[in-house]
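Breakdown of the fold
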Amino acid sequence: MLDRLVGACAAILVGAIALWGAVEILKAIWPWLCLLAFVIVGGFGAWLGIRRWRGW
């Protein structure tokens, strides 16, 4: 029983560390993700506008 409890605690600890690492990575690349999303949405919007303007 104690072995299962220690295993569960270790799994929770490893999961928390992995989650913390993922959040830190996202914090590091967040401005680039926002810039990429802006470029993609802006390009798609411009494409739709040009398509509509030309009457396709």
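Up top you'll find the structure we're talking about.
So, here's what we can say about the structure.

In terms of helices and strands, the chain carries one helix and zero strands. Taking 10 Å as the expected radius of gyration for a compact globule of 56 residues, we find that the chain reaches 23 Å, considerably beyond that expectation. Along the first, second and third principal axes, the C-alpha atoms of the chain reach 70 × 25 × 5 Å. The burial tally for the chain puts 0% of its 56 residues in the buried class. By element, 79% of the accessible surface of the chain is carried by carbon and sulfur atoms, the whole surface being about 5300 Å².

Among the surface-exposed residues, Ile25, Leu26, Ile29, Trp30 and Leu33 lie close enough to one another that they form a single nonpolar patch of about 490 Å² accessible area. Mapping Leu33 onto the fold places it in helix H1 (residues 2-54). Taking relative accessible area as the criterion, Leu33 reaches 34% and is therefore assigned partly exposed.

Moving on, we get to H1. The largest bend in H1 comes to about 55°, at Ile29, with the proline Pro31 one to four residues further on. Once H1 finishes, Gly55 follows within two positions and takes phi at roughly 80°, a positive value.

In the structure shown here, the tally under the stated rule is one salt bridge. One salt bridge connects Glu24 with Lys27, and the closest N-O pair in it is separated by 3.3 Å. In this pair, Glu24 and Lys27 both sit in helix H1, three residues apart, roughly one turn of the helix. Of the residues examined, Glu24 reaches a relative accessible area of 30% and is grouped as partly exposed. Residue classification places Lys27 among the exposed positions, given a relative accessible area of 54%.

About the thresholds
Residues numbered from 1 in each chain as written. Predicted model: local features only at pLDDT ≥ 70, side-chain atom pairs only at ≥ 80, totals over all residues. Heavy atoms only, no water. Helix = DSSP H or I, 4+ residues; strand = E, 2+ residues; numbered from the N terminus. Rg over C-alpha atoms; globule rule 2.2 N^0.38 Å. Buried < 20%, exposed > 50% of the residue type's maximum accessible area, 1.4 Å probe, protein only. Areas by Shrake-Rupley, 256 points an atom, 1.4 Å probe, with all protein chains shown as cover. Patch = residues over 30% accessible without salt bridge, like charges linked within 9 Å, V, L, I, M, F, W, Y side chains within 5 Å. Salt bridge = Lys/Arg side-chain N within 4 Å of Asp/Glu carboxyl O. Bend = angle between axes of the 7 residues up to and from the residue.

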